[in-house]
Amino acid sequence: MRLRYILRRLANGVLVVLLVVVFNFVILRLAPGDPAMIMAGESGASDEQFIADVRRAYGLDQPMPTQLATYLGNVLQFDLGFSYRQKRPNAELIGERLPATLLLALSAFVLSLTLGVLLGYLAARYRGVVDWLVSVVSLAFYATPIFWIGLMGIIVFSIQLEWLPAFGMRSIMPVRGEFAKIADVLHHLVLPALTLGLFYMAIFARLMRASLLEVRPLDFVATARAKGATIGRVWRRHMLRNAFLPVLTMAGVQAGQIVGGSILVETVFAWPGIGRLAFEAVLQRDYNLLLGIFLVTSTAVVLINLATDVIYVLVDPRARPA
Amino acid sequence: MLAIRGLDIPLPIKAERRFAVRGLSLDLAPGELLCIVGESGSGKSLTARAVMGLLPDLGLRASAGSILFEGQDLLALPPRRMEALRGREISMIFQEPMTALNPLMRVGDQIAELFHIHGVRLGRAERRERVAALLADLHLPDPERVAAAYPFELSGGQRQRVMIAIAFALRPRLLIADEPTTALDVTTQMQILRLLKELQRERGTGVLFITHDFGVVAEIADRVAVMRHGELVEEGTAAEVLRRPRHDYTRTLIASVPRPVEQAEAGEAATGAPVLAVEGLVKTFSVRRGLFGRERRVPAVRGVSFRLRAGETLAIVGESGSGKTTLSRCIVRLLKPDAGRVAIDGEDIGGLGGDALRARRRTIQMVFQDPHGSLNPRQRVGEIVMAGPLAHGAGRAASRATAARMLALVGLDEGAMERFPHQFSGGQRQRIGLARALALEPRILIADEPVSALDVTVQAQILELLQDVRRKLGLAMVFITHDLRVAAQVADRIAVMSQGEIVEEATPQALFATPRHAYTRALVASIPGRGAI
């Protein structure tokens, strides 16, 4: 159908990702300290000669544009380089951690969007007490820092009630059977996903409610009523889809935020994802690893945005490219 | 068939009057077309909504009276029963065809939904056939294609036909039409009016037709009811009310319908060099989607030329999309034309920029269509009117004096300067807009649909004012409008615009008597109620 459109958007996306890489590369080099300094510090006794040797060995003595060109050249060949700290290829390191982050971010996203839309719908449709409740709940989650929600969740559901595991992605004790393994991961997923998702659920709920109230006085709603449609049908068949469009736009924007937010949540719950890898890479000035992570996350954000735009086009015929 | 008895609809406590509709009684016989005529705030639309059981969600409901439809009181009917009547026995068409259809649903599905709601079980193929047949009844070419289209792919006239298709689909006995042609171009309006009349006759549907335009009344009504401030002022057969209106208000309404002045005022014919000369003006918009998208070129104005002398009014008449607004914006250089010349007093302002252009700008001022959107809501009226002179270097005291003088000229007292735009009615706001333009002492006034958003009686007052001001100040005026009747009333010459070109230019008398271009003939023939009022 609109293959041309998608291809065009992908071309745009590649451009964006490359810009992100260049930008991050420059920013990282502007920060004081480099791997050679850190290694020198760690080894305890070293001199200028050692630092110069290390710099030469890693190519850090080259002028920055040359380094950048080399890096971009490698990236274009899908080579993310080697982590000198972990002594393993970056691609491998990231590949190991990526699924956990994707699982966390995606479940938080789906959860927040579904719950948000549902709550917003209930609030707008039934007003009164329901509306008040939804407003209070979403305001609470919106105003509370994510890490605090996570910590409280651990205290209540892990320590007090002992319903949910507090950290990690798998039980320490080995689990038998494929099904049990999946259940085990899901069990571990509940708290982090909720912690991450509830904040965004609050945003989506408020937006959905406002959007529905905006759609309600529109003419086509009156037309539907004039056709004899029941109030329920008008809300479900006519208002819901129209009111969902702004929420969808917002969801596309927030998707990137959720990927970023997962870093924090991963720290709280010791979730073995890309976020903690990034954190360690920053401390160790592991430039290549860090750049690789940025590349992968920005690619994810671009893809999610493309996906929301494609969904938008499917929902709204007016947005279809001519 | 329909009998409204003593209907009261109270307004919320804070409102300026207590009742939106007060003690209204009306009857409609089967197969009859009753026009309810009134200006904004007369309660005509609320009456229609009350019959439909769809009063707006502001806590409005009928507090007294009854609405009897074939013997049963609609006001006392439980929601389920009312839903069963709506769309099947009583249907409705709305004013705004652009927004009355769900933008995300195919047109055919929106028609077919009616069958689903009212339990008419049809197979897929059968449903497609029914929908196509309905659209074909409304003289829509290629019904299959229209059914598969989304609303945004159709023109205003086509969408209104779709609405009518929905309204007639289940052969209702009563149709309520709330200003169904007000938002349409005149030629389309005439087609829709004929179509409605034809369907009404053919099927014996009773129609309650809400309008503000006595021209439309003359065109289609069997009987007329005139409403004002929520009350019925006068009622009678169309011929009776049009020929011998009994009530003063009805007389005012009918007299306010713009019509061509019989004789050109002698000695007014302007002579001398043109103050404004437009030659071969071209403007093309290019639309591009995204960074790598293809460019699409849309010509809006294609080589327009005209001349305007001091004290003369030229009306530019055209339907939506004819390029008349783009033209006016190019003349005042809100847009930069691609080619052609705009000369004021023989000097081409096309090459001017910066201060020279600014200085020239004060000689050519604009009055806009929307009296609500064109004044800054956070500024006092005095500031708004003074802004022009201040920007051109006059002192505060002098600017204030000018502003007061101009407000007086347009019929507003000095107290107006301290108030905000929202404290004025639409007509008053249009006066403010005019004072703002006049404060710069322009020699040319461009008025872009200055009366289209106003009620007829207010419209008549503003037109009168424009003429008055023009005469006093010796202004040259370009008057842009979609309404040939208004043009004929104010203009010395009329230029008819179509698809970016002026197809004909003539005096109003000549234009009405012997229109030369086919499009002009269509426009003249589409004036509602022509000859009857």
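Note that the coordinates shown come from a computational prediction; the quantities given were computed from them, not determined experimentally.

Engineer: Any chance you could explain the overall build of chain A here in plain terms?
Structural biologist: What chain A contains, in helices and strands, is 12 helices and 2 strands. Secondary structure elements of chain A, listed N to C terminal, follow the sequence α-α-α-α-β-β-α-α-α-α-α-α-α-α. Along the first, second and third principal axes, the C-alpha set of chain A runs to 85 × 55 × 40 Å. Here chain A holds 322 residues, and the buried ones make up 34% of them. For chain A, the share of sequence-separated contacts (at least 6 apart) that also reach a separation of at least 24 residues comes to 73%.

Engineer: Looking at this model, I keep getting lost on the nonpolar core. Mind explaining?
Structural biologist: For soluble globular proteins, the rule of thumb is that nonpolar side chains tend to be buried together. Among the nonpolar cores identified, the biggest contains 222 residues, and Phe204 of chain A together with Ala165, Ile176, Phe209 and Ala487 of chain B are the most heavily contacted of them. With 17 residues, helix H8 (residues 178-215) of chain A is the single largest residue contributor to this core.

Engineer: For this particular structure, what's the right way to read the sheet that holds strand E1 (residues 2-10) of chain B?
Structural biologist: Paired through backbone hydrogen bonds, the strands of a sheet run either parallel or antiparallel to each other. All names here are of chain B. Spatially, 4 strands are ordered E2-E1-E4-E5 in an open sheet, and the strand pairing comes out antiparallel. Two strands close off the open sheet at either side, each with one partner strand: strand E2 (19-28) and strand E5 (72-73). Its contacts with the sheet place helix H1 (residues 44-52) against E1, E2 and strand E4 (64-69), and it is angled at close to 65 degrees to E2.

Engineer: Would you mind showing me how to read the interface of chain A and chain B here?
Structural biologist: Interface size is commonly expressed as the accessible surface area that is lost when the partners come together. Facing the 22 residues of chain A at the interface are 28 residues of chain B. At the level of elements, helix H1 (3-30), helix H9 (219-226) and helix H10 (231-269) of chain A are the ones that each hand at least two residues to the side of chain A that touches chain B. A class-by-class count of the residues in the side of chain A that touches chain B yields 9 nonpolar, 6 polar and 7 charged.

Engineer: I keep staring at the domain arrangement of chain B and nothing clicks. Help me out?
Structural biologist: Residue and element names in this part refer to chain B. Split by domain assignment, chain B resolves into domain 1 (2-256), domain 2 (310-337 + 350-363 + 443-533) and domain 3 (372-441). Placing a centre on the C-alpha atoms of domain 2 and another on those of domain 3 gives a separation of 24 Å. Across the contact, 10 residues belong to domain 2 and 11 residues belong to domain 3. Sorting elements by how many residues they give to the side of domain 2 that touches domain 3 places helix H16 (residues 456-473) first, with 5 residues.

Engineer: So what exactly am I meant to see when it comes to the environment of His212 of chain B here?
Structural biologist: Structurally, His212 of chain B can be placed in the loop between strand E8 (206-211) and helix H8 (214-220). Accessibility expressed as a C-beta count within 10 Å gives 20 for His212 of chain B, which makes it buried.

Engineer: When you look at unusual backbone geometry in this model, what are you seeing that I'm missing?
Structural biologist: If a residue is not glycine, its phi is most likely negative; likewise, a peptide bond is most likely trans. All names here are of chain B. Even without a glycine there, the phi angle at Asp142 is positive, about 55 degrees. Residue placement: Asp142 occurs in the loop between helix H4 (124-137) and helix H5 (143-148). The exposed category is assigned to Asp142, around which 12 C-beta atoms lie within 10 Å. In this structure, Glu441 is a non-glycine residue whose phi angle is positive, near 50 degrees. Mapped onto the secondary structure, Glu441 falls in the loop between helix H15 (426-438) and strand E17 (444-448). A residue is classified by how many C-beta atoms lie within 10 Å of it, and Glu441, with 16 of them, is partly exposed.

Engineer: So what exactly am I meant to see when it comes to the sheet that holds strand E16 (residues 364-367) of chain B here?
Structural biologist: Residue and element names in this part refer to chain B. Spatially, 6 strands are ordered E16-E17-E18-E13-E19-E20 in an open sheet, and the strand pairing comes out mixed. Looking at strand neighbours, the two that pair on one side only are E16 and strand E20 (501-506), the edges of this open sheet. Averaged over all pairs of adjacent strands, the angle between strand axes in this sheet comes to 20 degrees, irrespective of strand direction. Note that strand E13 (residues 313-317) and strand E19 (residues 493-498) share 4 bridges and pair parallel. When the sheet's bridge partners are listed, Leu314 is paired in E19 with Arg493.

Engineer: Explain the environment of Thr223 of chain A here, please?
Structural biologist: Within the secondary structure, Thr223 of chain A is located in helix H9. For Thr223 of chain A, the contacting residues outside a window of four places in its chain are Phe94, Ala100 and Leu101 of chain B.

Engineer: What's the story with the packing of H10 of chain A against helix H12 (residues 287-315) of chain A in this structure? I'm lost.
Structural biologist: A pair of packed helices can be characterised by two numbers: the angle between their axes and the separation between those axes. All names here are of chain A. Contact geometry of H10 with H12 gives a least axis separation of 8 Å together with a crossing angle of 175 degrees. As the angle between them shows, H10 and H12 are arranged roughly antiparallel. Of H12, the residues touching H10 (which contributes Arg241, Phe244, Leu245, Leu248, Ala251, Gly252, Ala255, Gly256 and Val259) are Thr297, Ala300, Val301, Ile304, Asn305, Thr308, Asp309, Ile311, Tyr312 and Val315. The class makeup of the residues in the contact of H10 with H12 is 12 nonpolar, 5 polar and 2 charged.

Engineer: Before we go on, may I ask you to explain the packing of helix H6 (residues 128-143) of chain A against H8 of chain A in this structure?
Structural biologist: Residues and elements named next belong to chain A. Between H6 and H8, whose axes approach to 8 Å, the crossing angle comes to 135 degrees. It follows that H6 is oblique to H8 by the angle criterion. Where H6 crosses over H8, the two elements pack in a sense that is left-handed. Every residue of H8 that contacts H6 at Val134, Ser138, Phe141 and Tyr142 is listed here: Leu198, Phe199, Met201, Ala202, Ile203, Ala205 and Arg206.

The rules we used
- Residues numbered from 1 in each chain as written.
- Chains lettered and ligands numbered in written order.
- Predicted model: local features only at pLDDT ≥ 70, side-chain atom pairs only at ≥ 80, totals over all residues.
- Helix = DSSP H or I, 4+ residues; strand = E, 2+ residues; numbered from the N terminus.
- Buried ≥ 20, exposed ≤ 12 C-beta atoms within 10 Å, placed from the backbone.
- Contact = placed C-beta atoms within 7 Å.
- Core = buried A, V, L, I, M, F, W, Y, C linked by C-beta atoms within 7 Å.
- Pairing = 2+ DSSP bridges.
- Axes fitted to C-alpha atoms, helices over the stretch in contact; angles between N-to-C directions.
- Nonpolar A, V, L, I, M, F, W, Y, C, P; charged D, E, K, R; others polar.
- Domains from an automatic or database assignment.
- Parallel < 35°, antiparallel > 145°, perpendicular 65-115°, else oblique.
- Left-handed = near helix turned anticlockwise from the far one by under 90°.

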